[in-house]
Amino acid sequence: MKKTFLIILTLIGFVTFGQENKLDRIDYEVILIESDSTLTETEFDWTELTGITTDGGGILKVWRNKNQICKIVEEIGLSYGRIRTTIYIENGLPIKIIETEENFGQKNGELNYTELNEVFRATIYVFDWENDESKIERVGKRNLSEGNCSTFDYKPILERAKKATAE
């Protein structure tokens, strides 16, 4: 019985340690992308790309190394704040996705458009994009959007970025 218990604890340790190594590797790749001064940034009007108009407009920023996309930021302005999605890409596949919601502050019962407060953040570490294997860390509560169930919910952003940079 003790041997079985020890084996189970050992396996749990390997799985936990293995996942931490994956998270560290993904964070390291993100640091490399962020610090790569050779990447070129291109900005697009989100409304023109999607045909959808929002109160605060929107932008799509794409960072590329030659023809390969390394980072995408989609920012959509809404009546009460904004939603920002950042996707880091390695070898054509997302490795980390950060989605934030920010609400405008309140001052004397009115919206204060100079103040944004982060109310929600989801950090998604993607281990296997094709099989939807990931780890999601959430902080706060969504106010402006619905929750995503899958990493595939971010696929339209990837397609939008590919289409925008191909033109």
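The present account deals with the structure reproduced in this document.

The rules we used
- Residues numbered from 1 in each chain as written.
- Predicted model: local features only at pLDDT ≥ 70, side-chain atom pairs only at ≥ 80, totals over all residues.
- Heavy atoms only, no water.
- Core = buried A, V, L, I, M, F, W, Y, C linked by side-chain atoms within 4.5 Å.
- Buried < 20%, exposed > 50% of the residue type's maximum accessible area, 1.4 Å probe, protein only.
- Helix = DSSP H or I, 4+ residues; strand = E, 2+ residues; numbered from the N terminus.
- Contact = heavy atoms within 4.5 Å.
- Pairing = 2+ DSSP bridges.
- Axes fitted to C-alpha atoms, helices over the stretch in contact; angles between N-to-C directions.
- Phe/Tyr/Trp six-rings, centres within 6.5 Å; stacked < 30°, edge-to-face > 60°.
- Lys NZ or Arg CZ within 6 Å of the ring centre and 35° of its normal.

The subject of this paragraph is the nonpolar core. Counting 16 residues, the largest nonpolar core has Leu60, Ile72, Ile87, Ile97 and Tyr154 as its most contacted members. Of all the secondary structure elements, the ones that give two or more residues to this core are strand S2 (58–65), strand S3 (68–78), strand S4 (81–90), strand S6 (110–128) and helix H3 (155–166). A per-element tally of this core places H3 first, with 4 residues. The contacts of Ile87, once residues within four sequence positions are left out, are Cys70, Lys71, Ile72, Pro94, Lys96, Ile97, Tyr154, Ile157 and Leu158. If you look at the next biggest cluster of nonpolar residues, it comprises 12 residues, including Ile26, Val30, Trp63 and Ile98.

Backbone geometry at Asn108 places phi at a positive 55°, although glycine is not the residue there. Checked against the element boundaries, Asn108 lands in the loop between strand S5 (93–107) and S6.

Within the open sheet, the 7 strands sit side by side as S1-S2-S3-S4-S5-S6-S7. Their pairing is antiparallel. Because the sheet does not close on itself, it has two edges, and the strands there are strand S1 (40–45) and strand S7 (133–140). The mean inter-strand angle of the sheet, taken between neighbouring strand axes irrespective of direction, is 15°. For S2 and S3, the ladder comprises 8 bridges, and the chain directions are antiparallel. Counterpart to Arg64 in the pairing with S3 is Ile69. Across the sheet, H3 lies against S1, S2, S3, S4 and S5, angled at about 110° from S3, the strand it touches most.

Counted under the stated rule, the structure contains 1 aromatic pair. Note on Phe104 and Tyr113: the rings are 4.9 Å apart at their centroids and 70° apart in plane angle, and the pair reads as edge-to-face. You can call Phe104 buried: its relative accessible area is 17%. Overall, Tyr113 belongs to the exposed group, its relative accessible area being 57%. Stacked on the ring of Trp63, the Lys or Arg Lys71 has its end atom at 4.3 Å from the ring centre.

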